[in-house]
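Secondary and tertiary structure notes
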Amino acid sequence: MTKAERIDRIATILILLLALAVVGLVITVLGLILIPGISHISWHFLTSSSQSFQTGGGIFDQLFNSFYLVVLTLLISVPLALGAAIYLNEYAKQNWFTDSLRLAIEVLSSLPSIVIGLFGYLVFVLKWGLDFSLLAGALVLTILNLPLLTRTSETALSQVPNLQRQAGLGLGMAKWQVILKIVLPAALPGILTGAILSAGRIFGEAAALIYTAGQSTITVNYQDWNPFSPTSFLNPMRPAETLAVHIWKLNTEGLIPDASAVSSGAAAVLVLTILLFNLGARLIGYLISKRLEK
């Protein structure tokens, strides 16, 4: 065995050990969260309301608020991010303006969520008068997730071969028609994958929501489908404690006797849901890619 071969084998073993260390760390963290928490998950736990002072409470309201907030945030952020990605990839020229825009996106992605949450509190809650509400939480999470969504959408658009664009233009299609009918369908798997991964990040966010969506949940009527009703579960102007905020609150000021058990169960549900978001993103992207290949 030559010296180069020995060095190559040592480097390969070292890289393999580092990869195994990362996998082991992830499995350890998941085990520490899931093993104590799964035993507390039950149908009653998932479908009953939380308690303030008594045992036996669940996480239904917080779980619904988290999913509802994901939907609201994606409804706002996906069109904005997709529009920015289309402009940067299809229309913008490479100059100081686009370089500055990409730099601003990178800077925004590096800001701590607590800072964005305080900004949302000052602007959306106080200045705009939205108070603690789902809408204020969705707006601040839009700021938090725009960089990720914009980058993933731009990457998906850039991976569409230019020959497809040229073929559409050669057939007499306008540029917007080429983008709408050729580029976007081809980039759809990557865009959807980025949106679902972003949904997982939204679902697990807590710091930014403490100052915007609030730390309490009012009693709502799940039979009231009028979004303008103060007690409707669809009202975006009501304060709403999400699952991640509920876990934080239980571990800092939980007054119920079984706070530790509820926190462990809620954390397990949170981790499992985020795992499902990630697996779902891969599955949907794969299925759409297979369909487009046909």
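Before reading on, note that the structure itself is shown above.
Reading the values: rules and limits
Residues numbered from 1 in each chain as written. Predicted model: local features only at pLDDT ≥ 70, side-chain atom pairs only at ≥ 80, totals over all residues. Heavy atoms only, no water. Patch = residues over 30% accessible without salt bridge, like charges linked within 9 Å, V, L, I, M, F, W, Y side chains within 5 Å. Areas by Shrake-Rupley, 256 points an atom, 1.4 Å probe, with all protein chains shown as cover. Salt bridge = Lys/Arg side-chain N within 4 Å of Asp/Glu carboxyl O. Helix = DSSP H or I, 4+ residues; strand = E, 2+ residues; numbered from the N terminus. Buried < 20%, exposed > 50% of the residue type's maximum accessible area, 1.4 Å probe, protein only. Contact = heavy atoms within 4.5 Å. Core = buried A, V, L, I, M, F, W, Y, C linked by side-chain atoms within 4.5 Å. Phe/Tyr/Trp six-rings, centres within 6.5 Å; stacked < 30°, edge-to-face > 60°.

As for a nonpolar patch on the surface
A cluster of nonpolar side chains, Y87, Y91, W96, F97, W176 and L180, forms an exposed patch at the surface whose accessible area comes to about 730 Å². Of all the secondary structure elements, the ones that give two or more residues to the nonpolar patch are helix 3 (60–91), helix 4 (96–110) and helix 8 (175–204). A relative accessible area of 42% places Y91 in the partly exposed class.

Notes on the environment of S264
Along the polypeptide, S264 turns up in helix 11 (residues 259–293). Note: C-alpha distance between S264 and G37 (227 residues apart in sequence) is 4.4 Å. Those residues in contact with S264, other than ones at most four positions away along the chain, are I33, P36, G37 and H40.

Points about the environment of F53
Its place among the elements puts F53 in the loop between helix 2 (43–47) and helix 3. Ignoring sequence-local partners within four residues, the contact set of F53 consists of L255, I256 and P257.

Details of the nonpolar core
Core analysis: the largest hydrophobic core is formed by 46 residues, its most contacted members being I59, F124, V140, L141, F203, L209 and L243. Going through the elements one at a time, helix 3, helix 5 (113–127), helix 6 (134–158), helix 8, helix 9 (207–210), helix 10 (243–253) and helix 11 are the ones with two or more residues in this core. Residues in contact with L141, not counting those within four places in the same chain, are L69, T73, I202, E205 and L209. Among the nonpolar cores identified, the runner-up in size contains twelve residues, and A156, I179, V183 and I191 belong to it.

A short note on the packing of aromatic side chains
With the rule as written, the count across this model stands at 14 aromatic pairs. Ring centres of F124 and W128 lie 5.0 Å apart, and the angle between their planes is 65 degrees; this geometry places the pair in the edge-to-face category. Given a relative accessible area of 6%, F124 falls into the buried group. Ring geometry for Y222 versus F233: centroids 5.5 Å apart, planes at 35 degrees, classification tilted. Highlighted residues: Y222 in the loop between helix 9 and helix 10 and F233 in the loop between helix 9 and helix 10, separated in sequence by eleven residues.

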